[in-house]
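Residues per chain, in single letters:
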Amino acid sequence: MNDFRVTKPKFFATTKKGENYELRADLNSEYRDRRKDAIKKVIANMTVGKDVSGLFPEVLKNMQTEDLEQKKLVYLYLMNYAKTQPELVILAVNTFVKDTDDINPLIRALAIRTMGCIRVEKIIDYLCEPLRKCLKDDNPYVRKTAAICVAKLYDLNPELATENGFVAVLQDMVSDANPMVVANAVTALAEINEASTTKDIFVINTPTLTKLLVALNECTEWGRIAILTALADYRPSDSKEAEHIVERVIPQFQHVNGSVVLSAIKVVMIYMRIIKTDEMLRQLVRKMAPPLVTLLASAPEVQYVALRNINLILQKRSDILQNEIRVFFCKYNDPPYVKLEKLEIMIKLANDKNVDQLLSELKEYASEVDVDFVRKSVRAIGQCAIKIDEASERCINVLLDLINTKVNYVVQEAIIVIKDIFRKYPNNYEGIIPTLCQNLEVLDEPEAKASLIWIIGEYAERIENADELLVTFLDTFRDENSQVQLQLVTATVKLFLKKPQATQNIVWRLLQIATSECDNPDIRDRAYVYWRLLSTDPQAAKAVVLSDRPVISVQGNTLSGPLLEELINNISTLASVYHKPPETFLGRGRFGADAVQRRAIEEQEEASRESPIQAQVKTNIENLLDLDFNDNSATPTSNTPPSSSKSTNATANVDDLLDLFGGSNMNNDLSTPLQSSSSNNHQNNGLTNDLVSLF
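Each chain has its residues counted from 1, following the order in which its sequence is written. Local features in this predicted model are restricted to residues of pLDDT 70 or higher, and side-chain atom pairs are both shown and tallied only at a pLDDT of 80 or more, whereas totals for entire chains, interfaces and linings draw on every residue. Note: side-chain values were computed over all heavy atoms of the structure, leaving out hydrogens and water.

S.K.: Sorry, what's going on with the overall build of the protein chain here?
M.R.: A helix here means a DSSP run of H or I that spans at least four residues, while a strand means a run of E at least two residues long, and both kinds are numbered starting from the N terminus. Helix and strand content of the protein chain: 38 helices and 0 strands. Accessible area is worked out with a 1.4 Å probe on protein chains only. A residue is then buried under 20% of its type maximum, exposed over 50%, and partly exposed in between. A burial count over the protein chain gives 45% of its 695 residues as buried. Two residues qualify as a contact provided that any one of their heavy atoms is within 4.5 Å of a heavy atom in the partner residue. Taking the intrachain contacts of the protein chain between residues at least 6 apart in sequence as the baseline, contacts between residues at least 24 apart amount to 66%. Reported accessibility uses the Shrake-Rupley method at a 1.4 Å probe radius. Residues are deemed covered only where the shown protein chains occlude them. Working note: accessible area of the protein chain is about 37600 Å², and carbon and sulfur atoms make up 50% of it.

Shown next, in the form of structure tokens:
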């Protein structure tokens, strides 16, 4: 007989032992090239997010090498996984200390930089001696690296950095002969000063100022930005000193880096508050224009940052770019956010000399495919009309041309804009009203409807069929937007005050609907007020409803004075892009990734303590505890039916409203909408007769 044996399937069996196993074997290889390739693979896996912390001991063994590239890779690994393996990091201290005495300055700088980046408490004690040596190193590259390390040490342990004299050494390094060391010392001192409670660690005096100005022209981009930021915080003693500093800063306008240019402009803008010489101020205004224009030739993202800063600068100094409006004309390939920002700046630069050129450009924009951009362009035409009196007629003609295109959203936006022009220039352009009224049926946006209704009510005495135009809205009054309803109530009352004999039925019908069938309290209250005015004193109604309104204007500055000054101090930062103070989007201190992760864990623990079922039971119990079975106010005290009590309450509310206007003699008139339909006809006739008899 054959021997049949049952064998287990080997679905889960594998000969592979995992990638980390292979990497561990390669890291322990006797061949140098193989170990180096393994370290590169480990760094590659770490970069893409794979967890290779288990290889920490093996990678640590490869620290002691003469190969600079391999040493950089190992140090990079240590910086990333030091927090997860704090005990093993101590084993690397001897190698760090040894490397700080290496003959190669690159290795010395690399060692001290890595020790500063390993944010583990146990390694701080071993950092002091190597840091002290590197701060006094002969090589400037090592010194500038050690300067930044002092700021990192201060962030971890301020007392230790102060007691060991590192901060004092850093203050002396501002006078270093090498400009890069000066720049890094300034950067570190600024960080430490911001984190300190006394805010007196970094104080610029006359010798320090001279050193900063000398180093400014010889630094890298980051160094120049750090020095310019420090200069922006410095307050000159008088106008002469401010002029001297500005003259040394102006050459930075020609730098290729946009951040350096904006930082230099920030310094000049701040010092212009102190400079008293008019000729000097005019020269500075003239010199600031070319660098700002040059920034607009950058990538779209840089353009947007530049445009947001230019917006701030123009609100402070509107004459800086008064002759440069052409550079802000939109290109076909500009992103939408750049186009909208350019549009806002063009309005700020508009004047009687360039308005024709601007209107021609805006008219072209109105034929674009981007609806939002088209709307903003049409509104910009209206803002030009309001801002420049001499150009109002030309703006009206452009708007009429746009209305004749019959593009729905263009027509509606043009009507909204013309309403504002009528407010700015009353009784000047009534001749275009028939053209506007011809587009009444195509309007479907609340703001456009409300604008045309306002125009009809405002010029009702000059529009023969004004009553017919307003009647078209009565049938759909209940379905209209509240903005349209409010405007319709006011326009109808205006029409009645100007043509009382012909529009008495219209005004009564509208007030009837607004007071009895409208749920919006704003509309209902406005209708009641108009009703009361018309019923008691028509002359008072005319004085209120037909009164002269204040003339509107274009706001040149969209920001308040104190806020604008604060944002000028923060040019070339995020605050100047958001147009908000830094404290509105930054906490009192830094809130890093560690704090975010710690807070998320705490929230999860709090949520796990109370399950959803327990929370629901708790809520239900609280709701039950709110019940008061002994509360007599919850039970009716009479046998009155609910509908009867509701009617009584409504009548009482109307009586209270009438008492506010000085009497209750009009109770019967104003309470008509609240009474039954059987008495409506009699009251309606009486009200109509009362309104007509007033005129």
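S.K.: Explanation requested: the environment of Ile-513 in the structure shown.
M.R.: The topology assignment puts Ile-513 in helix H29 (residues 504-516). C-alpha separation for the pair Ile-513 and Leu-474, spaced 39 residues apart in sequence, amounts to 8.9 Å. Ignoring anything within four residues of it in the chain, the contact list for Ile-513 reads Leu-474, Phe-477, Arg-478 and Cys-518.

S.K.: Would you take a moment to explain the nonpolar core for this structure?
M.R.: As a rule of thumb, nonpolar side chains are buried together in soluble globular proteins. Core analysis: the biggest nonpolar cluster contains 206 residues, and Tyr-77, Leu-78, Leu-231 and Phe-422 have the highest contact counts within it. Considering every element that reaches this core, the biggest residue donor is helix H17 (residues 258-271), with 10 residues. In this description, a nonpolar core means a group of buried Ala, Val, Leu, Ile, Met, Phe, Trp, Tyr and Cys residues linked to one another through side-chain atoms lying within 4.5 Å.

S.K.: Would you mind showing me how to read unusual backbone geometry here?
M.R.: Positive phi is not limited to glycine here, since Lys-406 has a value of about 65°. Mapped onto the secondary structure, Lys-406 falls in the loop between helix H23 (392-403) and helix H24 (408-424). Relative accessible area serves as the criterion here: at 53%, Lys-406 is assigned to the exposed category. Of note, the phi angle at His-579 is positive, near 60°, even though the residue is not glycine. Checked against the element boundaries, His-579 lands in the loop between helix H33 (574-578) and helix H34 (593-609).

S.K.: How should I be thinking about helix H27 (residues 466-474) in this particular structure?
M.R.: Residues that lie three or four places apart on an α-helix share one face, since the helix turns once every 3.6 residues. Taken together, the buried positions of H27 are Ala-466, Leu-469, Leu-470, Phe-473 and Leu-474. For H27, the angular spread of the buried residues around the axis is 160°, confining them to a single face. Against the buried residues of H27 lie helix H25 (433-437), helix H26 (446-458), helix H28 (482-498) and H29. To obtain the arc, one takes the directions from the helix axis to the C-beta atoms.

S.K.: Help me out: how do you make sense of the packing of helix H7 (residues 105-117) against helix H10 (residues 140-156) in this one?
M.R.: For any two helices packed against each other, one specifies the crossing angle of their axes together with the interaxial distance. Angular values range over 0 to 180 degrees, each being the angle between N-to-C directions of two axes fitted as lines to C-alpha atoms, with helices fitted over their stretch in contact. In the contact formed by H7 and H10, the axes pass within 9 Å of each other and the chain directions differ by 5°. Between H7 and H10, the crossing angle belongs to the class labelled roughly parallel. Contact residues: H7 offers Pro-105, Leu-106, Arg-108, Ala-109, Ile-112, Arg-113, Gly-116 and Cys-117, while H10 offers Tyr-141, Val-142, Thr-145, Cys-149 and Lys-152. Here the term charged refers only to Asp, Glu, Lys and Arg, the term nonpolar to Ala, Val, Leu, Ile, Met, Phe, Trp, Tyr, Cys and Pro, and the term polar to all other amino acids, Gly among them. Here the residues of the contact of H7 with H10 are counted per class, giving 8 nonpolar, 2 polar and 3 charged. For this classification, under 35 degrees means roughly parallel, over 145 means roughly antiparallel, 65 to 115 means roughly perpendicular, and everything else is oblique.

S.K.: Quick question: what am I supposed to make of the pattern of salt bridges here?
M.R.: If the charged atoms of two oppositely charged side chains come close together, the side chains can form a pair. The rule for a salt bridge is simple: a side-chain nitrogen of Lys or Arg has to be within 4 Å of a carboxyl oxygen of Asp or Glu. Evaluation of the coordinates by the stated rule reveals 30 salt bridges. In this structure, Arg-108 and Asp-137 form a salt bridge, with 3.0 Å as the shortest nitrogen-oxygen distance. With a gap of 29 residues between them, Arg-108 in helix H7 and Asp-137 in the loop between helix H9 (128-135) and H10 connect regions that are remote in the sequence. Given the relative accessible area of 12%, Arg-108 is considered buried. On the basis of relative accessibility, which here comes to 13%, the residue Asp-137 falls in the buried class. A salt bridge links Arg-119 to Asp-155; the nearest nitrogen and oxygen atoms lie 2.8 Å apart. Of this pair, Arg-119 sits in the loop between H7 and helix H8 (121-124) while Asp-155 is found in helix H10, placing the two residues 36 residues apart along the sequence. Overlapping salt bridges, with partners in common, bring together Arg-375, Arg-379, Glu-413, Glu-445 and Glu-447 in one network.

S.K.: Got a minute to help me understand the packing of aromatic side chains in this structure?
M.R.: Ring pairs (aromatic) are described by centroid distance and by the angle formed between their planes. When two rings of Phe, Tyr or Trp (its six-membered ring) have centres within 6.5 Å they constitute a pair, described as stacked for plane angles under 30 degrees, edge-to-face for angles over 60, and tilted for the intermediate range. Under the criterion given, the structure shown has 8 aromatic pairs. Centroid distance Phe-422 to Tyr-459: 5.4 Å. Interplanar angle 65°. Geometry classified as edge-to-face. With a gap of 37 residues between them, Phe-422 in helix H24 and Tyr-459 in the loop between H26 and H27 connect regions that are remote in the sequence. Comparing Phe-422 with Tyr-459 shows no difference in burial state: the two are buried. Among the aromatic residues, those joined into a cluster by ring pairs are Phe-56, Tyr-77 and Tyr-81. The ring of Phe-373 carries the charged tip of Lys-339 above its face, separated from the ring centre by 5.3 Å. The rule is short: NZ of Lys or CZ of Arg within 6 Å of the ring centre and within 35 degrees of the ring normal puts a charge over the ring.

S.K.: Can you walk me through the packing of H26 against H28 in this structure?
M.R.: Look at H26 against H28: their axes get within 8 Å of each other, and the N-to-C directions meet at 10°. It follows that H26 is roughly parallel to H28 by the angle criterion. Contact residues: Pro-446, Glu-447, Lys-449, Ala-450, Ile-453, Trp-454, Gly-457 and Glu-458 in H26; Gln-483, Val-484, Gln-487, Leu-488, Ala-491, Lys-494 and Lys-498 in H28. Looking at the contact of H26 with H28, its residues break down into 7 nonpolar, 3 polar and 5 charged.

S.K.: So what exactly am I meant to see when it comes to the environment of Asp-125 here?
M.R.: Positionally, Asp-125 belongs in the loop between H8 and H9. A relative accessible area of 60% means that Asp-125 is categorised as exposed. Sequence-wise, Asp-125 and Leu-160 are 35 residues apart; in three dimensions their C-alpha atoms are separated by 9.0 Å.

S.K.: Even after reading the chapter, I still don't get the confidence of the model for the protein chain, so can you show me in this structure?
M.R.: Segments scoring low in pLDDT should not have their predicted coordinates read at a detailed level. Scored from 0 to 100, pLDDT reflects the predictor's confidence in each residue. Averaged over all residues, the pLDDT of the protein chain is 81; the fraction at 70 or higher stands at 82%. Per-residue pLDDT, averaged within each element of the protein chain, yields its smallest value for helix H37 (residues 667-670) (38) and its largest for H17 (94). Below a pLDDT of 50 lies the segment residues 11-15, which in the model reaches 0 contacts outside its immediate sequence neighbourhood of four places, other chains included. A low-confidence stretch, residues 613-695 (pLDDT under 50), is modelled with 64 contacts involving residues beyond four sequence positions or located in other chains.

S.K.: Got a minute to help me understand the state of the cysteines in this structure?
M.R.: A disulfide bridge is the covalent bond that connects two cysteines by way of their sulfur atoms. Here, the term disulfide refers to a pair of cysteine sulfur atoms separated by no more than 2.5 Å. Under the counting rule described, the total for this entry stands at 0 disulfides. Cys-384 carries a free sulfur, and the closest cysteine sulfur to it, the one in Cys-395, is 5.4 Å from it. We classify Cys-384 as buried; its relative accessible area is 1%.

S.K.: Looking at this structure, I do not really get the side chain of Ser-392. What am I missing?
M.R.: Relative to the helices and strands, Ser-392 is located in helix H23. Given a relative accessible area of 4%, Ser-392 falls into the buried group. Two N or O atoms count as a polar contact when they lie within 3.5 Å, although within protein this holds only if one can serve as hydrogen donor and the other as acceptor, and sequence-adjacent residues are included solely when both atoms are side-chain atoms. At a separation of 2.6 Å, a polar atom in the side chain of Ser-392 contacts the side chain of Tyr-429. Once you skip the residues sitting within four places of it in the chain, Ser-392 turns out to touch Ala-385, Tyr-425 and Tyr-429.

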